[in-house]
Amino acid sequence: MSAPLLIVDVQIGFINDFTHHIPERVGKLIGSGEYDPILFTRFINVPDGPYSRFLNWDGCNCEPESNIVPELATFATPDRVFSKSGLCGLPNELTDYLLKQGIEKVYVLGIDTDMCVLKIAMDLFDIGIEPIVLTDCCASTAGLQAHLAGLAVLSRNIGATRLLEAGVGDRMLAAPVKPSKN
């Protein structure tokens, strides 16, 4: 029996030296056929929202930055992509979908471990759906320390037994170094 896979904010605007490996790892998971349905969240930085007003950050406010990465775009059908603004966690439409389907457990992965992945996993926990965070398929745009901080907070709040490796990380904790373009 397959289980839902929730891919959090794996978008063009969040790919950097610390997160570039995530699309390939997620693609491997999807290719395994072990997960169904495949669900996505997509962060949209709304004009005059808190990121612009308080942090002076205007990234991911339009395409192409707000788009799901090309490697995963074919799996991101419109009925399975749930947009959200800010650290709102689970969008209402996604909450309604999960509850209506009677889903009891969701595998969660994505970008940023210390922000949106954390918030969504905790929201799932709060509504009585068991979140399983696939740690080798998560990363933070702020680097390894932020990723580890997110995992530490998740361990305390949803339980360490809900943090698992998917087995697609090539036994590396940090992002692999990108090959140089010569």
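Residues numbered from 1 in each chain as written. Predicted model: local features only at pLDDT ≥ 70, side-chain atom pairs only at ≥ 80, totals over all residues. Heavy atoms only, no water.

Enquirer: Which parts of the structure should I look at to understand the side chain of Asp9?
Expert: Within the fold, Asp9 resides in the loop between strand 1 (3–8) and helix 1 (22–31). When its relative accessible area of 0% is taken as the criterion, Asp9 is described as buried. A distance of 2.8 Å separates the side chain of Asp9 from the side chain of Thr41, its partner in a polar contact. Aside from chain neighbours lying at most four places away, what touches Asp9 is Phe14, Thr41, Arg42, Phe43, Lys84, Ile111 and Cys116. (Helix = DSSP H or I, 4+ residues; strand = E, 2+ residues; numbered from the N terminus. Buried < 20%, exposed > 50% of the residue type's maximum accessible area, 1.4 Å probe, protein only. Polar contact = N/O pair within 3.5 Å; in protein donor to acceptor, adjacent residues only side chain to side chain. Contact = heavy atoms within 4.5 Å.)

Enquirer: How should the packing of aromatic side chains be read in this particular structure?
Expert: The geometry of an aromatic ring pair comes down to the distance between the two centres and the angle between the two planes. Tallying each qualifying case throughout the model produces three aromatic pairs. Considering the side-chain rings of Phe14 and Phe43, the 5.9 Å spacing of their centres and the 45° angle between planes classify their relative orientation as tilted. Here Phe14 is found in the loop between strand 1 and helix 1, whereas its partner Phe43 is found in strand 2 (residues 35–43), with 29 residues between them in sequence. On the accessibility criterion, Phe43 (2% relative accessible area) is buried. Seen in terms of ring centroids, Phe82 and Tyr97 are 6.1 Å apart; in terms of plane orientation they differ by 45°. Their pairing is tilted. Of this pair, Phe82 sits in strand 3 (residues 81–84) while Tyr97 is found in helix 4 (residues 92–100), placing the two residues 15 residues apart along the sequence. For the pair Phe82 and Tyr97, one class covers both residues: buried. (Phe/Tyr/Trp six-rings, centres within 6.5 Å; stacked < 30°, edge-to-face > 60°.)

Enquirer: Looking at this structure, I do not really get the pattern of salt bridges. What am I missing?
Expert: One pass over the full model with this rule turns up four salt bridges. Arg80 is the salt-bridge partner of Asp79, the closest N and O atoms lying 3.9 Å from each other. The exposure class assigned to Asp79 is exposed, which follows from its relative accessible area of 52%. Judged by its relative accessible area of 23%, Arg80 is partly exposed. (Salt bridge = Lys/Arg side-chain N within 4 Å of Asp/Glu carboxyl O.)

Enquirer: Teacher, can you tell me more about the pairing of strand 2 here?
Expert: One face of the sheet, then the other: side chains in a regular strand alternate in exactly this way. Counting buried positions along strand 2 yields eight of nine residues, so the element is predominantly enclosed. Where strand 1 meets strand 2, five bridges bridge the pair, whose relative direction is parallel. Among the inter-strand pairings, Leu6 is bridged to a residue of strand 2, identified as Leu39. At this point the chain moves from strand 1, through helix 1, to the parallel strand 2, and the crossover so formed is right-handed. In terms of strand pairing, strand 2 meets strand 3 through four bridges, oriented parallel. Counted as the bridge partner of Phe40 is Val81 from strand 3. (Pairing = 2+ DSSP bridges. Right-handed = clockwise from strand over helix to strand, strands pointing away.)

Enquirer: Explain helix 6 (residues 144–158) to me, please; I cannot follow it from the model alone.
Expert: Given 3.6 residues to a turn, an α-helix orients residues that are three or four positions apart in the same direction. Here helix 6 contains 15 residues, and its C-alpha end-to-end distance of 21 Å stays within 8% of the 21 Å for a straight helix at 1.5 Å per residue. Along helix 6, the positions that sit buried rather than exposed are Ala146, His147, Gly150, Leu151, Leu154 and Ile158. On an axial view of helix 6, the arc spanned by its buried residues comes to 140°, and they lie on one face. Exposed side chains of helix 6 directed beyond 90 degrees from the buried face belong to Gln145 and Arg156. Residues of helix 6 that are buried sit in contact with helix 5 (113–126), strand 5 (130–139) and strand 6 (163–164). Phi turns positive, to about 100°, at Gly159, one or two residues after helix 6. (Expected span 1.5 Å × (residues − 1). Arc of directions from axis to C-beta.)

Enquirer: Looking at this structure, how should I read a nonpolar patch on the surface?
Expert: A contiguous nonpolar patch, built from Phe54, Leu55 and Trp57 and spanning about 350 Å² of accessible area, is present on the exposed surface. Within the secondary structure, Trp57 sits in the loop between helix 2 (50–55) and helix 3 (70–73). (Patch = residues over 30% accessible without salt bridge, like charges linked within 9 Å, V, L, I, M, F, W, Y side chains within 5 Å. Areas by Shrake-Rupley, 256 points an atom, 1.4 Å probe, with all protein chains shown as cover.)

Enquirer: Just to check I follow, could you spell out the sheet that holds strand 4 (residues 105–111) for this structure?
Expert: Neighbouring strands of a sheet are bound in pairs by backbone hydrogen bonds; such pairs are parallel or else antiparallel. With parallel pairing, the six strands of this open sheet are ordered in space as 3-2-1-4-5-6. The open sheet has two edge strands with one neighbour each: strand 3 and strand 6. Inspection of the sheet shows strand 5 paired to strand 6 by two bridges, in the parallel sense. Across the sheet, the residue bridging to Val133 is Leu163, located in strand 6. Across the sheet, helix 1 is in contact with strand 1, strand 2, strand 4 and strand 5; its angle to strand 5 comes to roughly 130°. (Axes fitted to C-alpha atoms, helices over the stretch in contact; angles between N-to-C directions.)

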